[in-house]
Amino acid sequence: DAGVIQSPRHEVTEMGQEVTLRCKPISGHDYLFWYRQTMMRGLELLIYFNNNVPIDDSGMPEDRFSAKMPNASFSTLKIQPSEPRDSAVYFCASSQDRWDYNSPLHFGNGTRLTVT
Amino acid sequence: GQQLNQSPQSMFIQEGEDVSMNCTSSSIFNTWLWYKQDPGEGPVLLIALYKAGELTSNGRLTAQFGITRKDSFLNISASIPSDVGIYFCAGPRSQGNLIFGKGTKLSVKP
């Protein structure tokens, strides 16, 4: 099992550019989560999907952020246009069920985004 | 809204020392989870607690679910250099998904 795979590992972009982060969840996992980690705010849930359908996007900061899950093995988080305050580590996580010790969240290694 | 407050924010200890950290909330949680994040990686689940008063161990780690259901603590005995990382508590929100504390950053001096 390769685990949750995120790409790229690092992204440096200029303010105003479009950024696309990618995630491949663990096969068979029905839930996919996007988190953002900053020093100030810790780990914040942005959005999560169940069976490819967005369930709760109340954590998405603003309209510049969008997420899609076109199929069970792929999700994207897009920021357009990007701003310096978007700089953070973005994590994708998946789980078989919503959460449970028998169905824990498996996190990817994150994408470190720097917007200059 | 529901929030988890972790303390301390950071700890610097000598190898071999015991470590204690805790997590509190103004809301009741029915489950407490403890995750560890190694540098450059995503968090990994260490321990899950499901019952008020429950004490659970995983190797050198011990965690307890407070009887008020508003707090939990994590102890690490005889710390080693690979214990370095950020430790998060987490619990399910009323909406069902997990929220995380801001973490306790542990540094271990050999």
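Heads up: the structure comes first, above all this text.
In this text, all values refer to a predicted model and were calculated from it rather than measured experimentally.

**Description of the interface of chain A and chain B**
Alright, step 1. At the interface, 23 residues of chain A touch 19 residues of chain B.
Alright, step 2. Summed over both partners, the interface of chain A with chain B buries about 1700 Å², with 59% contributed by carbon and sulfur atoms.
Alright, step 3. Remark: the boundary between chain A and chain B carries four residue pairs in polar contact (both at pLDDT 80 or more).
Alright, step 4. Only strand S4 (31-38) and strand S5 (42-50) of chain A provide two or more residues apiece to the side of chain A that touches chain B.
Alright, step 5. Of the residues forming the side of chain A that touches chain B, the biggest block, four residues, is contributed by S5(A).
Alright, step 6. When its residues are assigned to classes, the side of chain A that touches chain B shows 12 nonpolar, six polar and five charged.

**A short note on the sheet that holds strand S7 (residues 61-65) of chain B**
All names here are of chain B.
Alright, step 1. Taken in spatial order, the five strands make up an open sheet running S1-S3-S8-S7-S6, and their pairing is antiparallel. The open sheet terminates on both sides in strands that have one partner only, identified here as strand S1 (5-7) and strand S6 (55-58). Each strand of the sheet is rotated relative to its neighbour by a mean of 15 degrees, with strand direction disregarded.
Alright, step 2. Here S7 pairs with strand S8 (residues 71-76) via five bridges, running antiparallel. Paired with Phe65 across the two strands is Ser72, which belongs to S8.

**Things to note about the pairing of strand S11 (residues 111-115) of chain A**
Residue and element names in this part refer to chain A.
Alright, step 1. Only one face of S11 is buried, namely the one carrying Thr111, Leu113 and Val115, since none of Arg112 and Thr114 on the opposite face is buried.
Alright, step 2. Across four bridges, the pairing between strand S2 (residues 10-13) and S11 is parallel. Residue pairing for S11: Thr13 is matched across the bridge by Val115.
Alright, step 3. Sheet analysis places strand S9 (residues 88-95) next to S11, joined by three bridges and oriented antiparallel. Opposite Ala88, over in S11, you have Leu113 as the bridge partner.

Rules behind the numbers
Just so you know, the residues in each chain are numbered from 1, in the order the chain's sequence is written. Here every chain gets a letter starting at A, and every ligand a number starting at 1, in the order they are written. Restriction of local features to residues with pLDDT of at least 70 applies here, the model being predicted, together with a cutoff of 80 or more for giving and counting side-chain atom pairs; totals for whole chains, interfaces and linings are based on all residues. Neither water nor hydrogens contribute to the side-chain values; these are computed over all heavy atoms in the structure. The contact definition used throughout considers only heavy atoms, calling two residues in contact when any of these lie within 4.5 Å. What gets called buried area is simply the loss in accessible area from a 1.4 Å probe that two parts show on being joined, summed for both. Contacts described as polar in this section are N or O atom pairs within 3.5 Å, which, within protein, must combine one atom able to donate a hydrogen with one able to accept it, while residues neighboring in sequence count only if both atoms come from side chains. In this description a helix means any DSSP run of H or I spanning at least four residues, a strand means any run of E spanning at least two, and both kinds are numbered starting from the N terminus. For this scheme, ten residues count as nonpolar: Ala, Val, Leu, Ile, Met, Phe, Trp, Tyr, Cys and Pro. Four count as charged, namely Asp, Glu, Lys and Arg, and the remainder, Gly too, count as polar. Two strands pair under a simple rule: DSSP has to find at least two bridges between them. Here, axes are lines fitted to C-alpha atoms. For helices the fit covers the stretch in contact, and angles between N-to-C directions go from 0 to 180 degrees. Relative accessible area decides the class of each residue, using a 1.4 Å probe on protein chains only: under 20% of the type maximum gives buried, over 50% gives exposed, and in between gives partly exposed.

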